[in-house]
Amino acid sequence: GAGVSQSPRYKVAKRGQDVALRCDPISGHVSLFWYQQALGQGPEFLTYFQNEAQLDKSGLPSDRFFAERPEGSVSTLKIQRTQQEDSAVYLCASSRASGPAYEQYFGPGTRLTVT
Amino acid sequence: QKEVEQNSGPLSVPEGAIASLNCTYSDRGSQSFFWYRQYSGKSPELIMSIYSNGDKEDGRFTAQLNKASQYVSLLIRDSQPSDSATYLCAAEGSGTYKYIFGTGTRLKVLA
């Protein structure tokens, strides 16, 4: 079946602009995660949803970052007033449920470049 | 800060050899561990998951877990040039569902 999809795949933003990144999880997957991956690093956790509830947002780096999943399916990660340090690949992952033994599957990512 | 540590490499092995990738983790409460493969410019792709001490085999891949030593490894038998990639080790944080990733080990399989 279809995997996790993300759009746009590439985004260039001028410093100070707002951006919105979209994630479509695997159909029926309850849990959705956002990660940020800097060049040469492993993904770092940003936030987690179970259905429409945002259960953990401890990884969001500042209050400029906001995520939502209003209907428990598609999710949007919004970054306000982008800064150069926000340049990274933003990865979305979904899993069938929450808990041990439920594996996370990643989308292709959105590469954000802030100029 | 809970951490997962990997040697960044590169680890170079000849084609047909066994590649051995290692990972240590600091959170003793972690119960679930994962290996992902990431080709340059692509997203992580799940290879193996392991939850119990011992070995788990899937084709050419074997994952090994030793919770007492807080050590996870991945063996790739009969390595192929197409296995050349960065291999990410991840641990599920105890009491959370988020994955904590290492920085990855770059593997180069030489033809």
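Read on for an overview of the structure. Quick caveat, the model's predicted, so the values are computed rather than measured.

## Quick word on the interface of chain B and chain A
Step number 1: Between chain B and chain A, the residue contacts involve 18 residues of the former and 24 residues of the latter.
Step number 2: Buried area between chain B and chain A, summed over both chains or domains, comes out near 1,600 Å², and the portion from carbon and sulfur atoms is 57%.
Step number 3: Its largest share of buried area at the contact with chain A, chain B owes to B:Tyr97, B:Lys98 and B:Tyr99, together 33% of the area lost on that side.
Step number 4: Taken together, the connections running from chain B to chain A amount to zero salt bridges.
Step number 5: Taken together, the connections running from chain B to chain A amount to nine residue pairs in polar contact (both at pLDDT 80 or more).
Step number 6: Within the residue set of the side of chain B that touches chain A, elements represented by two or more residues are strand 4 (33-38), strand 5 (45-50), strand 9 (85-92) and strand 10 (99-101) of chain B.
Step number 7: Tallying contributions element by element places strand 4 of chain B first for the side of chain B that touches chain A, with three residues.
Step number 8: Here the residues of the side of chain B that touches chain A sort into nine nonpolar, seven polar and two charged.

## A few points about the sheet that holds strand 1 (residues 5-7) of chain A
Residues and elements named next belong to chain A.
Step number 1: The four strands lie next to each other as 1-3-8-7, forming an open sheet whose pairing is antiparallel. Looking at the sheet topology across the chains shown, the edges are occupied by strand 1 and strand 7 (65-68). Mean inter-strand twist for the sheet, computed between neighbouring axes without regard to direction, equals 15°.
Step number 2: For strand 1 and strand 3 (residues 19-24), the ladder comprises three bridges, and the chain directions are antiparallel. If you follow Ser-5 over to strand 3, its bridge partner there is Asp-24.

## Focus on the nonpolar core
Step number 1: By size, the foremost hydrophobic cluster in this structure holds 24 residues, and its most contacted members are B:Trp35, B:Val72, B:Leu74, B:Ile76 and B:Tyr87.
Step number 2: Elements with a minimum of two residues in this core: strand 3 (19-25), strand 4, strand 5, strand 7 (61-66), strand 8 (71-76), strand 9 and strand 11 (105-110) of chain B.
Step number 3: Aside from chain neighbours lying at most four places away, what touches B:Tyr87 is B:Gln6, B:Leu21, B:Trp35, B:Tyr36, B:Arg37, B:Ile47, B:Leu74, B:Ile76, B:Gly104, B:Thr105 and B:Leu107.
Step number 4: Counting residues in hydrophobic clusters, the runner-up holds 20 residues, among them A:Leu46, A:Phe65, A:Ala67 and A:Leu112.

## So, the pairing of strand 8 (residues 75-79) of chain A
Residues and elements named next belong to chain A.
Step number 1: Counting buried residues in strand 8 gives four out of five residues, a clear majority hidden from the surface.
Step number 2: By the bridge criterion, five bridges tie strand 3 to strand 8 in an arrangement that is antiparallel. Of the residues in strand 8, the one forming a bridge with Cys-23 is Ser-75.
Step number 3: Here four bridges tie strand 7 to strand 8, and the two strands are oriented antiparallel to one another. Across the sheet, residue Phe-66 finds its bridge partner in strand 8, namely Lys-78.
Step number 4: Hairpin remark: strand 7 followed by strand 8, antiparallel, with six residues in the connecting loop; positive phi at Gly-72, about 75°.

## Focus: the state of the cysteines
Step number 1: Under the criterion given, the structure shown has two disulfides over all chains.
Step number 2: Disulfide pairing is shown between A:Cys23 and A:Cys92; the S-S distance is 1.8 Å. Negative torsions about the S-S bond denote left-handed disulfides, and the value of about -65° found for A:Cys23 with A:Cys92 makes this one left-handed. Of this pair, A:Cys23 sits in strand 3 while A:Cys92 sits in strand 9 (residues 88-95), placing them 69 residues apart in sequence.
Step number 3: Judged by its relative accessible area of 0%, A:Cys23 is buried.
Step number 4: Judged by relative accessible area, A:Cys92 falls into the buried class, the value being 0%.
Step number 5: Bridging B:Cys23 to B:Cys89, the disulfide has an S-S length of 2.1 Å.

Cut-off values and rules
- Residues numbered from 1 in each chain as written.
- Chains lettered and ligands numbered in written order.
- Predicted model: local features only at pLDDT ≥ 70, side-chain atom pairs only at ≥ 80, totals over all residues.
- Heavy atoms only, no water.
- Contact = heavy atoms within 4.5 Å.
- Buried area = accessible area lost by both parts, 1.4 Å probe.
- Salt bridge = Lys/Arg side-chain N within 4 Å of Asp/Glu carboxyl O.
- Polar contact = N/O pair within 3.5 Å; in protein donor to acceptor, adjacent residues only side chain to side chain.
- Helix = DSSP H or I, 4+ residues; strand = E, 2+ residues; numbered from the N terminus.
- Nonpolar A, V, L, I, M, F, W, Y, C, P; charged D, E, K, R; others polar.
- Pairing = 2+ DSSP bridges.
- Axes fitted to C-alpha atoms, helices over the stretch in contact; angles between N-to-C directions.
- Core = buried A, V, L, I, M, F, W, Y, C linked by side-chain atoms within 4.5 Å.
- Buried < 20%, exposed > 50% of the residue type's maximum accessible area, 1.4 Å probe, protein only.
- Disulfide = S-S within 2.5 Å.

Honestly, that's just the spatial picture; any functional story needs more than this.
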